[in-house]
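One letter stands for each residue in the lines below.
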Amino acid sequence: MSHEEVDYYQQRAETEVALAQQAQHQAVVRVHYQLASAYLDRIHGDAPRSTGGLFAS
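This text gives an overview of the structure that appears in the document.

1. Brief notes about the packing of aromatic side chains
Phase 1 of the analysis: Applying the stated criterion to the full structure yields 2 aromatic pairs.
Phase 2 of the analysis: An angle of 70° between the planes, with centres 5.4 Å apart, marks the rings of Y8 and Y9 as edge-to-face.
Phase 3 of the analysis: Overall, the relative accessible area of 45% leaves Y8 in the partly exposed class.
Phase 4 of the analysis: One aromatic cluster in this structure is built from Y8, Y9 and Y39.

Below you can see the structure in the form of structure tokens.
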């Protein structure tokens, strides 16, 4: 994975965490944290968990 891709996924993860912290509904909070986790999994080479096909190969 290129440095640019790592930067992109890191920024997306940070954005999702910020959105989770601002969300009012628990289900929305959960989804934002799941997406943040999926982006971080992508950086670290782990298979994303339950992202609804967000990172389908």
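2. Comments concerning the pattern of salt bridges
Phase 1 of the analysis: In the structure shown here, the tally under the stated rule is 1 salt bridge.
Phase 2 of the analysis: Among the salt bridges present, the one from E16 reaches R12, with a minimum N-O distance of 2.8 Å. Here E16 pairs with R12, and both are found in helix α1 (residues 3–22), just 4 residues apart, close to one helical turn.
Phase 3 of the analysis: Judged by relative accessible area, which is 4%, E16 ranks as buried.
Phase 4 of the analysis: What makes R12 partly exposed here is its relative accessible area of 23%.

Cut-offs applied
- Counting starts from 1 at the beginning of each chain's written sequence and moves along it residue by residue.
- In keeping with the predicted nature of the model, local features appear solely for residues at pLDDT of at least 70, side-chain atom pairs appear and are counted solely at 80 or more, and the whole-chain, interface and lining totals rest on all residues.
- The side-chain numbers reported here are obtained from all heavy atoms of the structure, hydrogens and water having been left aside.
- What counts as a ring pair is set by centres within 6.5 Å for rings of Phe, Tyr and Trp (its six-membered ring), and what kind of pair is set by the plane angle: stacked under 30 degrees, edge-to-face over 60, tilted for all other angles.
- Partly exposed describes any residue whose relative accessible area lies between the buried limit of under 20% and the exposed limit of over 50%, with all areas from a 1.4 Å probe on protein chains only and scaled to the type maximum.
- Here, a salt bridge means any side-chain nitrogen of Lys or Arg that lies within 4 Å of a carboxyl oxygen of Asp or Glu.
- Secondary structure follows DSSP: runs of H or I at least 4 residues long count as helices, runs of E at least 2 residues long count as strands, and numbering of each begins at the N terminus.

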